Amino acid sequence: MSGEIITGENIDQFINRLEENAGTPDAQDMDVRIEPAVLHKLAERLNKSPNLSYNYLSDITAVDYLGESPRFEVIYRLYSIPANRRLWIRTRIDADTEIPSTANIWRNADWLEREVYDMFGIRFAGHPDLRRILTPTPWIGHPLRKDHPLGGEEVQFTFNTGDIIPQEEFISEHLEGMDFAGYIENGDKIESEAGAGRLAELVKEGKLIVSMGPQHPSTHGVLRVILALEGENIYDVGMDIGYVHTGIEKTAESLIYQQALTLTDRIDYVAPIANNLAWSLAVEKLLGLDIPERAQFIRVMLAELTRIASHLVWLGTSALDIGAVTPFLYTFREREMLLDIFELVSGQRMMTSYINIGGLRDDIPDGFIEAVKEFIKIFPDKLDDYHKLLTKNPIWVERTRGVGCLSLNDAINCGVSGPVLRASGLAWDVRKVWPYSSYDEFEFDIPVGEHGDVYDRYLVRMEEMRQSLRIVEQAVNRLPSGAWRVEDYKLVLPPRDRLDKSMEALIHHFLVSTEGFPVPRGDAYTATEGTRGETGFYVVSDGGTKPYRARMRSASFSTLQSLPLMARGHMVADMAAILGSIDMIMGEVDR
Amino acid sequence: MKHVLFRKRVTVEYPEVRRKLPPRARWRHVLKRHEDGLERCIGCSLCAGACPAHCIHVVAEENKDGARFSPGERYAKIYEINELRCIFCGYCQDACPVEAVVLTDKLDFASYSRENAIYTKEMLLEPYPASDESVS
Amino acid sequence: MADNVTLTIDGQTVTVAAGTTILEAAASIGIEIPVFCNHPKLEPIGACRQCLVEVEGQPKPIASCCTPAAEGMIVHTKTPSVRQMWEANIEFLLINHPLDCPICDRGGECPLQNNTFAYGPRDSRFDYTKRRYKKPVRLSDRILLDRERCIQCFRCVRFQKEIADEPDIQMFSRGYYDYIDTAPGKEFESQFSGNTIELCPVGALTSAVFRFKARPWEIQSTESVCVNCGVGCNIRIDARNYREVVRFLSRENPEVDDGWLCDKGRFDSLFINDKNRLQAPLIRKDGRLVETSWDEALETAVKIMKDAGGRSAGLISPKLTNEAAYLFSKLMREFGAVGCDWNLERASADAAVKTAEAFSEGLFDGAIKDITSSTLLIVYGSDISSELPVMDLWIKKAVRRNGAELVLIGCESSKLAKYAKTVMPENIESVVKAIESSKSSERVLIMVSQRLVELSPYGVEILDSLKEIARSRQPKVMMLACASNSIGMLETGAVWGKPGSEIKKSILDGNIKALWVAGESDKYAESLARVDALIVQDMFLTKTAEVANIVLPGSSFAETSGTIINTERRVQCINPAIRKLRGTLTDVEIFARAAVKTGLNTISQTSEDVFKELTQTANSFAEITLDKIGARGVRLEAKR
């Protein structure tokens, strides 16, 4: 299939070939290039055909190859869930070419296409509501294009205090015409532009429009949920995201790979280590590195402890939102132990930047294993305590059972992953399907729900914590000795004691810490099972020391899209329960 | 579950009681000295180059007879860290070839103004002779 | 074809001219071979052994930098054994290399570091004592030498010998003991010494001026052009925090500077960082100069000039841009000034007019690159080595490598005298004689000083003779410009009315009531001090500024954008490398604002707009666009 581009001429043959080869090993991982015009036809066949059944759209993203013609590459990643197969579709277009929208095939494409439009200016023909999603409405330009400035303000020191170069002067090109002052003044006029048609309809029909958020204790971050109500019943739900959009993907293009790692801590900020791992795996794939076993086991250990820590936040806060105040204090008490462990190993409780490209930043210190063992010892009882508080609690059950149901088909169609997908009845976990970092050497179960309601999601996550602990215990007991990173000084810093003895080591230390290491040309994506679902980085390298494109596939972004499907027909009070059960992190949604 | 009255309290009564931070703790920066009092920092700026937040400002100068600050030819005449912009990743500490800039366990150093959060060399340099009280 | 050779490198065939080295042949197809001693502008010597490659049929590795490609050669650069050689060679070079990277100014932009990272070992096997030297050694007030870091590539010695022909530094002793030094008691005096800093592949030769100022990751680089002389060498201005210029580097323009930069251009412009720069307009009140606003200063300046009317004059520095000159000239006309010029020496207005005519008739069609393609070079009336230093290198190249003949007319004490076939008395007859006694087959380039043509009393006579010579022998003729934009002054129409010498006489006679001097205000301090009302536009409070009525703080060339015209009539762009110093305005901004205050409301306000206007109004600029100028400039053409 390499080199061939699928066009209107050969698409039928191509699809036939696909169908014929459906069962073969070659079909497991495929990468095809197409002309934009055939996208919709291909997508439909891929989705509908029972042999192919690429029913899951994982991600749509784009890369700006400024200087090349056509300029943009748009990439679709599809999975066939029944057959565990992966398919990449790539197409190259110019700025003024439209691509057919696939939002009516996979609902996940709705927001994904909006993001590509927002960031690159690529239009999707037939999209129900193509408008900006992450940047504010009056934004001019498309941020991820290479000719759009990064922006920023001079860092303040004593020499420039009082003389900070204004942003407009600091960045090399001006964002002409952007009118933020006008945005603030004319807020409601802009307001009505957003989803204007639909909102106007609803208002005409007499629905009450209420904004839940962006400042709201139950939206778990800065999220604006727009409710169309009939009395207390939710008729429809819209969402306005982008409040926490800080341009992480663009910033990563201006930092070397190790520096970009510190950005990843801050995307899913409740489970930073998981993001470090996803980034490191993607870059290591491009570098072609084999990570030593000890490092892999420690990574697994920390990733699972992070999962527990994140679920503890979820449990405490979502129970709190529904009104169960008590579990919050208990879960944070256990989380404190985990944060102490992270602090012991890295020096920071949250933004650890500990899992590094090549392995780890340092070996585990004395006391680490003991601390982990202590946690393993006490946690199962604590987990039982939480169960005692909630699982059979009539109020809890009443508030969560049957609430926010998401059918499995809807979940798959929305690109939902993680506990929400599993609660809807599918045993789909990246650690099992496409194992990474030696996860295939561990025994653990995947909890699966039945009804896809808030209660099932609760049960799934509770059980996940137990299973994660199981993995941690295995990792502790079988922790191999040996190297904790790839000992190649062209990638990692040499040990300190070499710096005053070895000229070569000093030179490499100097260059790796300031200029960074070059990564071979190419692109790579590694999926990991983050705490919220499939998390991964799509990294494109141009052979330099900085990523050319660093795209994060964010689990919460896709999952959050399914909110309307969960919420319609329920009452306002159920929103808190539903939002809590999605467990999205806005940092991950907005990046 | 034990009744709350019979459980061990987990509250740490800060600030009267402070928990002891582990050795790798990454908080307030300090510029260390050699035993003889000479500054370790040689003004090489690797810390500034490694910093993802670009929050370190270094201006190097030559040691002269009668005005020697560090061993060797070069020292940092100006060394500033904007502690508000800092993300406490520790890359500066990793990059420093002479173990001059280190992140200590002092985490309570908030200030009332942005200007006061710009730590100059005088504020960062550890005192000499070293006193019994650590910088924490 | 006998003159071409076809060989195979890493499986790729390439055909090159006979004499091309294997290294050059590889580079032409994008195959990189690491080097240290090799440099495209210096003769290869095979000293460092880094470029070793395998050539099939040869028993030993071959130094690709000094081995010509041969027909049918099969070369390998990617085999394990070649890579091992490269790694081993670097290991050897690093054995005695001091662990200086953190304190060495080359760190971060160092070929040794980069080659070690790309091809060298990861760790050291050497744990003995390294060779020590006292360091750093001061070779001059500009150059420092660190002998421990030297890898004996000889680039510096070769540059001084082959290019500058000023062998101020040599390698002394032999083998392990060899070291760079100057002659006993002497310094590294060559005015091109700074180039060795850029040539040196390690931090052995470093700039004493730039020492420790900035790391590569702290620098913002801007492409611009040097304004210290009429050559207009292309430079790179490096600045820190967008506020402080830390150094000037060369930026190769093969047709202007051949990749070199003289020490004036490299070291002498840092005065722009001086703390004493003016940061607010000054106005004289009650006999003292006090700070004031731009509005008041400009309004008063305009009033002074308007009131003086036909007894006012304008004096502009020939270093200012075309755009600044154009606006200044308009402004002076608006005041009804008696004249506008860039010097107080110009003998007659006729010479200016005739020179402008000569420009548009294409008399001055000589290009810098014509120096190396000419067989007879006539230099009339200029000590090129001090006035246009990089031209000295071009002439040396023409004479020493291409066998051109040099005739010096005047300036017998010039450094170039020893290369001259003859030195003749400084007058136009000598030029005629030199031409007449030359063979008709010679390709002749006459370089004549702008001072003689435009400013001296003999200008018209010289131009007439040159036109005569041009008609009969068709030599190329180049004007040796007095300053970085002195040719631009005439081309933008900023020379009119009373010529400089008459303006000076009027000043001394007390007939100039008001004078606006823009830039280099210290040049004619004594004369200017005699003017009743002086408006001084400068960066510093010069002696002239101290007695002025209005002082306007201007920006430097590193804070401005605009175009300038060099000695071969090439228009080049200067670009701002740092923000304007707080409180200052660029020359264009000052003149544009003043013009508005005189009532010229539609005047162009920015450099870009003025440039557009120039292309529409000035004949010589007609075909020029900013795109055409690009990064290398474009010569103004006029056909003879």
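First, a word on what this report is: a plain description of the structure on this page. All residue numbers here refer to positions counted from 1 along the written sequence of the relevant chain. Note on labels: chains are lettered from A, ligands numbered from 1, in written order. In keeping with the model being predicted, local features are shown solely for residues with a pLDDT of at least 70 and side-chain atom pairs are shown and tallied solely at 80 or more, while totals for entire chains, interfaces and linings include all residues. To obtain the side-chain values, all non-hydrogen atoms of the structure were included, while hydrogens and water were left out.

Side note on the overall build of chain C
Item 1. Within chain C, the secondary structure is distributed over 22 helices and 29 strands.
Item 2. Put simply, the radius of gyration uses C-alpha atoms, and a globule should come to 2.2 Å times the residue count raised to 0.38. For chain C, whose C-alpha radius of gyration is 28 Å, the value lies close to the compact-globule estimate of 26 Å for 640 residues.
Item 3. Seen through its C-alpha atoms, chain C measures out along the principal axes to roughly 85 × 60 × 50 Å.
Item 4. Burial classification: accessible surface area is computed with a 1.4 Å probe over protein chains only, and a residue below 20% of its type maximum counts as buried, one above 50% as exposed, and the rest as partly exposed. Sorting the 640 residues of chain C into buried and exposed places 59% on the buried side.
Item 5. Only heavy atoms enter the contact rule, under which two residues are in contact if any of them lie within 4.5 Å. Residue pairs in contact within chain C that sit at least 24 positions apart in sequence constitute 68% of those at least 6 positions apart.
Item 6. Note that accessible areas follow from Shrake-Rupley with a 1.4 Å probe, and for residues the cover is restricted to the protein chains shown. Carbon and sulfur atoms form 50% of the exposed surface of chain C, whose accessible area is close to 25400 Å². A run of H or I in DSSP counts as a helix once it spans at least four residues, and a run of E counts as a strand once it spans at least two, with each numbered from the N terminus.

Structural notes on the interface of chain B and chain C
Item 1. Listed as interface residues are 15 residues of chain B and, on the opposing side, 15 residues of chain C.
Item 2. Its largest share of buried area at the contact with chain C, chain B owes to Glu 62, Glu 73 and Arg 74 of chain B, together 50% of the area lost on that side.
Item 3. Here, a salt bridge means any Lys or Arg side-chain nitrogen found within 4 Å of an Asp or Glu carboxyl oxygen. Linking chain B to chain C there are three salt bridges.
Item 4. For the purposes of these results, a polar contact is taken to be a pair of N or O atoms within 3.5 Å, where, inside protein, one atom must be able to donate a hydrogen and its partner to accept one; residues adjacent in sequence count only when each atom of the pair is a side-chain atom. Linking chain B with chain C are seven residue pairs in polar contact (both at pLDDT 80 or more).
Item 5. Sorting the residues of the side of chain B that touches chain C by element identifies α1 (46-50) and β2 (56-62) of chain B as the ones contributing at least two each.
Item 6. Lys, Arg, Asp and Glu make up the charged group, whereas Ala, Val, Leu, Ile, Met, Phe, Trp, Tyr, Cys and Pro make up the nonpolar group; the residues left over, Gly among them, are polar. In the side of chain B that touches chain C, the residues fall into eight nonpolar, three polar and four charged. Throughout, buried area stands for the accessible area (probe radius 1.4 Å) lost by two parts on being put together, summed over both.

What about the environment of Pro 365 of chain A?
Item 1. By secondary structure assignment, the location of Pro 365 of chain A is in the loop between β12 (359-360) and α13 (368-390).
Item 2. Not counting residues up to four positions away in its chain, the partners in contact with Pro 365 of chain A are Leu 344 and Val 345 of chain A together with Arg 24 of chain B.

Some remarks on the nonpolar core
Item 1. Residues enter a nonpolar core if they are buried and are Ala, Val, Leu, Ile, Met, Phe, Trp, Tyr or Cys, with the set joined through side-chain atoms within 4.5 Å. Formed by 244 residues in total, the largest nonpolar core has its most connected members in Ile 89, Val 225, Ile 241, Trp 279, Phe 517 and Leu 560 of chain A together with Leu 7 of chain C.
Item 2. Note that domain bounds follow an automatic or database assignment of domains. Each of domain 1 (5-125) and domain 2 (248-590) of chain A contributes no fewer than three residues to this core.
Item 3. When near neighbours in sequence (up to four residues on either side) are disregarded, Leu 7 of chain C contacts Gln 12, Thr 13, Val 14, Val 16, Ala 25, Ala 69, Ala 70, Gly 72, Met 73 and Val 75 of chain C.
Item 4. Leu 327, Ile 446, Ile 462 and Leu 466 of chain C belong to the second largest nonpolar core, which has 83 residues in total.

Some points on the environment of Thr 584 of chain C
All names here are of chain C.
Item 1. With respect to the helices and strands, the residue Thr 584 is situated in the loop between β28 (570-574) and α20 (587-598).
Item 2. Using a relative accessible area of 5% as the deciding quantity, one classes Thr 584 as buried.
Item 3. As for Thr 584 and Ser 555, which are separated by 29 residues in sequence, their C-alpha atoms are 5.8 Å apart.
Item 4. Among all residues touching Thr 584, those that are not within four sequence positions of it are Arg 277, Leu 278, Trp 294, Pro 553, Gly 554, Ser 555 and Glu 559.
Item 5. Separated by 3.2 Å, the side chains of Thr 584 and Ser 555 make a polar contact.
Item 6. At 2.7 Å, the side chain of Thr 584 forms a polar contact with the backbone oxygen of Leu 581.

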